[in-house]
Amino acid sequence: MTIQQLGEYIDAGAAQVPADIVIKNGILVNVNTSEYYPAEVAIYQRKIVAVDKDVTDYIGAQTQILDAQGQYLVPGLIDGHIHVECSKLSMTRFAQAVVPHGTTSIISGLDEYISVVGLEGLKEIFEEIDQIPLKVFWGLPYKTPYTMPQSTIAYNVTAADHAKYQAQADCYGVWETVREAVQIKDPDTLKALLAAQKNHKPIFGCSPMAHGKDLNQYLMSGVHVDHESYDHEEFLEKARKGLHVVLRESSVTKFLKENIKAVTQDAPGMARHTSFCTDDVNAHDILEQGHLDHLVKLAIQAGVSAMTAIQMATLNNAEAYQIDDQVGSIAPGKEADILLVDRPETFNIQSVISKGQVVLHNHEVLEEFTPPQRSAKLQGTLKLSPVQAADFAVKVDSSAQTAQVRTIKSVGPFVRKQRDVSLPVNNGVIQPSAQEDVALVSVLERYGINHKQAHGFISGWSLQKGAIATTVAPDDNNLVVAGMQTADMALAVNTLIECGGGQVVVADGQVLALLKLPLGGITTDLTPQDLAQKELELKKAAEQLGCHLPDPLFYLSFLPITAIPDLAITDGGNVDSTKLKYFDPLLTVE
């Protein structure tokens, strides 16, 4: 902001410059004081300049008047932790999906984009963000890749990047610092944390299932906020030890009902230090249920007061991420992000103002949400050569009859345990088994850096035939494929190579469903409605293979995340997350 612009805002606050928009006849939800009372709001150049009982003095000949007609004025909602790219929607299309549901700000590391196009590639993403009615408060990932041992990505974030970016005004902290990196005292991670502390930036945490000494050790890093709690006891312990804790309700990790008990049953006072995030959501769920407005409703249904639930979706996140000077409440000097809702208790959004523009008015979307032209860099191809069925065969001695293998058993989207199984061997090749519920899995490095490929076994999927594959696979977005027939696995991989990335389901040599993701192999400019339809097609196709997991492609994409207990698989090999070491999935052969 220039001195001239600041002067104009000061004049606008004194009603010496007419407002662009005035909202009349509203009832203010004041999250700062926990009050409801009649108020009018004046907006000038994206900022709120007045909140008073009467703002007639701010009205000029060109001022747009919005009659709230007794509706409640709520601050724009803030998502405290989200990997936008996991929605598979481009930034423009993501905004198209969530802003009508009241989400006007998000906290994100844009880390999935970094893994495929690097920090320089983010310039194009930030230019896109500037043109959409959604604010993104960006935190530089503590390090990339997150995987331990380290997998392969297009760009590795290091301490040198933090020395540069943490001093910049558009970097709002350190994104998703995993506990394991602190535990091993990784030098790059510690330097990143010190850079943030030097610049008074918050450190965002990720510490699933951390208790006692493990949690105490982690907190010594200076971490300020954490979104990873698997039950309300863990959630409460973190709050008692000073963390701002974030309730997560994603498309596959539905933890709100469990963790809200810490607020409703254990310590109601922690509510002002608790907020919401969605972490990973798909287009179908947003369109069917909503976004943060859905979490507000869930919290109210769980027994939280409407005012408290609204604070958790607005002011609390703003304070936790030190952005409450810009967003989080309806007050002079704040960004003009305002929702008109019917009643706090029902929280049905009628209209949305974001970045000072009316995006939704009486349920009608006014914004066009047109994606920008894309550069060749963002639409790059997968640097992989076509594969053959033999590339997915797990070979042993030709005389062997059986093989004892360690499978990665999915018992939930974010919980994986080991399960040892005996599998038949045919002509020196270990065979998957539908009867034993064991499928093959492989991860292929997609950036043309080292051409690594890892083999392993998964269970808990109930696959009977075919294969599924994805290039959306945080934290490194390499190509992950699982299946019962190596020929179908090869077809799935080659299909994604040909289209430049995406998600696919195949069986008996035929492609049953395909979603192309041309933007870095991880997102698309399809409308939310069209993408939601593709998601349903993929799910139905996976069900034809016998898989009845809630979202098979999401589960597949999470397999390389080594921060999820206990096992994972990356392009480097099978990982024991409890030991941060590779393990051999082949135990014995007979």
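Here the structure is a predicted model, which is why all the values come from computation and not from measurement. (Residues numbered from 1 in each chain as written. Predicted model: local features only at pLDDT ≥ 70, side-chain atom pairs only at ≥ 80, totals over all residues. Heavy atoms only, no water.)

What to know about helix 7 (residues 212–219)
Okay, so step 1: Taken residue by residue, helix 7 has L215, Y218 and L219 as its buried positions. Projected down its long axis, helix 7 shows its buried positions confined to an angular sector of 95°, all on one face. (Buried < 20%, exposed > 50% of the residue type's maximum accessible area, 1.4 Å probe, protein only. Helix = DSSP H or I, 4+ residues; strand = E, 2+ residues; numbered from the N terminus. Arc of directions from axis to C-beta.)

Remarks on the packing of aromatic side chains
Okay, so step 1: The final tally for this structure, using the stated rule, is eleven aromatic pairs.
Okay, so step 2: Ring plane angle 85° and centroid distance 5.0 Å describe the contact between F137 and Y172, whose orientation is recorded as edge-to-face. Placement of F137 in strand 8 (residues 135–138) and of Y172 in the loop between helix 4 (159–165) and strand 10 (174–178) is noted, with a sequence separation of 35 residues between them.
Okay, so step 3: Both rings, one in Y230 and one in F255, keep their centres 5.2 Å apart while their planes meet at 45°; by these two values the pair is tilted. One end of the pair, Y230, is in the loop between strand 12 (225–226) and helix 8 (232–240); the other, F255, is in the loop between strand 13 (244–248) and helix 9 (256–259), with 25 residues separating them in the sequence.
Okay, so step 4: An aromatic cluster of at least three residues, connected via ring pairs, comprises F126, W138 and Y165.
Okay, so step 5: One residue, K47, lies across the ring of Y9, its end atom 5.8 Å from the ring centre.
Okay, so step 6: Over the ring of F554 we find K88; its NZ or CZ atom is 5.7 Å from the centre of that ring. (Phe/Tyr/Trp six-rings, centres within 6.5 Å; stacked < 30°, edge-to-face > 60°. Lys NZ or Arg CZ within 6 Å of the ring centre and 35° of its normal.)

A short note on the UniProt feature "domain: Adenine deaminase C-terminal" (unreviewed entry) in the protein chain
Okay, so step 1: Here, the residues flagged by UniProt with the feature "domain: Adenine deaminase C-terminal" (unreviewed entry) are residues 415–579.
Okay, so step 2: In the segment residues 415–579, helix accounts for 23% and strand for 35%; the C-alpha atoms at its two ends are 16 Å apart. (UniProt positions renumbered as here; feature names shortened; annotations may be inferred.)

A short note on empty space enclosed by the protein
Okay, so step 1: Going through the model one piece at a time under the given rule, you end up with two cavities of 30 Å³ or more.
Okay, so step 2: By volume, the largest cavity is sized at about 170 Å³.
Okay, so step 3: Taken together, 19 residues make up the lining of the largest cavity; nearest its centre are H83, E176, E228, D475 and I561.
Okay, so step 4: Class assignment for the residues of the lining of the largest cavity results in eleven nonpolar, two polar and six charged.
Okay, so step 5: For the lining of the largest cavity, the domains that each give at least three residues are domain 2 (76–328) and domain 3 (402–589).
Okay, so step 6: Computed from the structure, the second largest cavity encloses a volume of approximately 40 Å³.
Okay, so step 7: Lining the second largest cavity we find D111, S115, T144, P145, Y146, I153 and D475.
Okay, so step 8: Its residues placed into classes, the lining of the second largest cavity shows three nonpolar, two polar and two charged. (1 Å grid on protein atoms, 1.4 Å probe; cavity = no way out; pocket = protein on both sides within 12 Å on 5 of 7 lines; lining within 4 Å. Points joined across faces, edges and corners; volume = space filled by probe spheres on them. Nonpolar A, V, L, I, M, F, W, Y, C, P; charged D, E, K, R; others polar. Domains from an automatic or database assignment.)

So, the side chain of T103
Okay, so step 1: With respect to the secondary-structure elements, T103 resides in strand 7 (residues 103–108).
Okay, so step 2: Look at T103 and you get buried, because its relative accessible area is 0%.
Okay, so step 3: Among the polar contacts made by the side chain of T103, one reaches the side chain of H291 at a distance of 2.7 Å.
Okay, so step 4: Residues in contact with T103, not counting those within four places in the same chain, are L77, V98, L134, H291 and L292. (Polar contact = N/O pair within 3.5 Å; in protein donor to acceptor, adjacent residues only side chain to side chain. Contact = heavy atoms within 4.5 Å.)

Some points on helix 8
Okay, so step 1: Among all positions in helix 8, only H232, E234, F235, L236, E237 and K238 are buried.
Okay, so step 2: Those residues of helix 8 hidden inside the fold are in contact with helix 7, strand 12, strand 13, helix 9, helix 10 (261–266) and strand 14 (274–277).
Okay, so step 3: N-capping of helix 8 is provided by D231, with a side-chain oxygen placed 3.1 Å from the backbone N of E233.
Okay, so step 4: Backbone geometry just downstream of helix 8 places G242 in the positive-phi region, at approximately 95°.

Let's talk about the pattern of salt bridges
Okay, so step 1: Evaluation of the coordinates by the stated rule reveals 22 salt bridges.
Okay, so step 2: The partner of E234 in a salt bridge is K238, and the shortest N-O contact between them spans 2.8 Å. Taken together, the residues span about one helical turn, with E234 and K238 both in helix 8 at a distance of four residues.
Okay, so step 3: On the basis of relative accessibility, which here comes to 1%, the residue E234 falls in the buried class.
Okay, so step 4: A salt bridge links E537 to K534, with the shortest nitrogen-to-oxygen separation between them at 4.0 Å. Here the residue E537 and the residue K534 both occupy positions in helix 16 (residues 528–544), the gap between them amounting to three residues, near one helical turn.
Okay, so step 5: Classification of K534 as partly exposed rests on a relative accessible area of 28%.
Okay, so step 6: The structure contains a network of salt bridges with shared partners spanning R46, K47 and E335. (Salt bridge = Lys/Arg side-chain N within 4 Å of Asp/Glu carboxyl O.)

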